[in-house]
Number of protein chains: 2
Amino acid sequence: MSTGPTAGTHRPADERRAQLLDAAVEVLRERGLAGLTTRAVTTRAGVPHGIFHYAFGSKAALVRALVDRELSGAAAAWGAAVESDDVPTALRQALLAQLDIVRADPERDAYLTELVRVAQDDAGTRPALWEQDRYRAEVEHRLASWSHDAGVVWVAPVAEVASLVLSATDGVVRAWVVDRDDRRAETSVDLLARAVASLARPA
Amino acid sequence: MSTGPTAGTHRPADERRAQLLDAAVEVLRERGLAGLTTRAVTTRAGVPHGIFHYAFGSKAALVRALVDRELSGAAAAWGAAVESDDVPTALRQALLAQLDIVRADPERDAYLTELVRVAQDDAGTRPALWEQDRYRAEVEHRLASWSHDAGVVWVAPVAEVASLVLSATDGVVRAWVVDRDDRRAETSVDLLARAVASLARPA
DNA sequence: GCATGACTTGGTCATCTGGCCAAGATCGAC
DNA sequence: GTCGATCTTGGCCAGATGACCAAGTCATGC
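Owing to the predicted nature of the structure, the values given are computational and were not obtained by experimental measurement.

Caption draft 1: Geometry of the overall build of chain A. Each helix and strand in chain A was counted, giving 9 helices and 2 strands. Sequence-ordered secondary structure for chain A, helices as α and strands as β, is α-α-α-α-α-α-α-β-α-α-β. A burial count over chain A gives 39% of its 203 residues as buried. Taking the contacts inside chain A whose residues are at least 6 apart along the sequence as the reference set, 68% of them involve residues at least 24 apart. Surface accessibility of chain A: about 10,400 Å² in total, with carbon and sulfur atoms responsible for 52%.

So, in structure tokens, the structure goes:
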């Protein structure tokens, strides 16, 4: 697949960068962060080592570009296709959707986690925490919407409930990543949805 | 402090190992996993580099020993000093205690996380997942105890509630580690306790 | 005391890493 | 077609790292 019709030599630097970023993702999937060396990337991309320094000035620049590319547009799917007037049910569906995102491609989650970690150390890169804020806002909006439709009110500010939902969901997902126990994760999602839903009471 | 009364030369290998493990922890705290080199450890311990290979056969052996030593006996404090017949209050106290453990020494949590991560890659080391099971059993016991004292029953098997509590708490704690927002974390703990407590109903 | 084995020392080695560069090849504008 | 800019190539470098060892030192049981 690296020998497509336009895969020859003398391609513009932007395409080279994209090519190397693709290769970097593959390397991350296969060998993890420790195996992400400049040589591993260029070898994987099938280009000479020297290309690397020409395309990116340094390894840090690659990591920065990688974080930018991989982490953008990750927030969307929070309750996208959830259809229910029942708060606990809607919650359960939304939480399950979050779990399924990771279950569908656990390795992506793994290397993204590593990527964010190394990016935090590097002072040059933004930890992209604003993504987290977008998440929070999205969840908040959903919670407010559901409670409104169901004619209930939260016993605490929606923002606080949203924070809890976000954190707790993350915890459940991470637990699955560690033990890969589907039943346990689904049960936790179910109980979490019920528990959180109980924070809403008739208006 | 490395020149104590018994800090001279010709100490038994076990003491050398302990000495190097101490130094390794300090290195981890200061420079993280990336800075944990055999030389950094021996320099920190104030011993010649060659000692390392004598004491441990390899760097992997040090990491293994480090995981063993640092990760043992971490489970205890789940609801140790909790005193309340009120389920939500007891829960809140226990959850807060968990949060406080990390808040008291965030760097320990940080390097332990890194350590576990690298240990998982190394096929030779046990991920020490049985610790997680001890946690689970401990939480389960506490939940059962509290509900019994309060004269309520859980709407789901205690094991499932325990799993949720464990996962969700972990999520809240990790969120704090990322944003260091005390108010948010405490609010989440509070809400989580209330939410989970609502999974218990009068017998 | 003294021999044996445990411990120490400081150096060396092969390997790998990120970074760099100078010469050549190629493309595109004119 | 020519010429300058862009891109390619393969090799090189200094530094760091984990591993290793041979010779020396010391403690201790006999």
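Caption draft 2: Highlighting the protein's contact with DNA strand C. Among the 20 residues in the neighbourhood of DNA strand C, the closest are listed as A:Thr38, A:Arg39, A:Lys59, B:His10 and B:Arg16. Here DNA strand C approaches the protein such that, of its atoms within 4 Å, sugar and phosphate make up 60%. A distance of 2.9 Å is found between a phosphate oxygen of DNA strand C and a backbone nitrogen or oxygen belonging to A:Thr38. For DNA strand C, a phosphate oxygen lies 2.8 Å from a polar atom in the backbone of A:Lys59. Listing elements by their share of the surface near DNA strand C, those giving two or more residues are α2 (38-45) and α3 (50-55) of chain A together with α1 (13-31) and α3 (50-55) of chain B. Counting residues per element, the surface near DNA strand C draws most heavily on α3(B), at 3 residues. Of the residues contributing to the surface near DNA strand C, the split by class is 6 nonpolar, 10 polar and 4 charged.

Caption draft 3: Expanded view of the relation of the copies chain B and chain A. Least-squares fitting of chain B to chain A yields an RMSD of 0.2 Å, with the transformation described by 0.0 Å of translation along the axis and a rotation of 179°. Considering both components of the superposition, the chain copies are consistent with a two-fold axis. The share of interface residues of chain B whose copies in chain A are also at the interface is 100%, consistent with both copies meeting through the same surface.

Caption draft 4: The arrangement of the packing of helix α4 (residues 59-71) of chain A against helix α6 (residues 106-121) of chain A in detail. Residues and elements named next belong to chain A. For the pair α4 and α6, the least separation of the axes is 10 Å and the interaxial angle reads 135°. Regarding the angle of α4 to α6, the classification is oblique. Handedness of the α4/α6 crossing: left-handed. Across from Val63, Leu66, Val67, Glu70 and Leu71 in α4, the residues of α6 making contact are Arg108, Tyr111, Leu112, Leu115, Val116, Val118 and Ala119. Residues belonging to the contact of α4 with α6 are distributed by class as follows: 10 nonpolar, no polar and 2 charged.

What counts and how
Residues numbered from 1 in each chain as written. Chains lettered and ligands numbered in written order. Predicted model: local features only at pLDDT ≥ 70, side-chain atom pairs only at ≥ 80, totals over all residues. Heavy atoms only, no water. Helix = DSSP H or I, 4+ residues; strand = E, 2+ residues; numbered from the N terminus. Buried < 20%, exposed > 50% of the residue type's maximum accessible area, 1.4 Å probe, protein only. Contact = heavy atoms within 4.5 Å. Areas by Shrake-Rupley, 256 points an atom, 1.4 Å probe, with all protein chains shown as cover. Near = heavy atom within 4 Å. Polar contact = N/O pair within 3.5 Å; in protein donor to acceptor, adjacent residues only side chain to side chain. Nonpolar A, V, L, I, M, F, W, Y, C, P; charged D, E, K, R; others polar. Least-squares fit on C-alpha atoms with pLDDT ≥ 70 in both. Axes fitted to C-alpha atoms, helices over the stretch in contact; angles between N-to-C directions. Parallel < 35°, antiparallel > 145°, perpendicular 65-115°, else oblique. Left-handed = near helix turned anticlockwise from the far one by under 90°.

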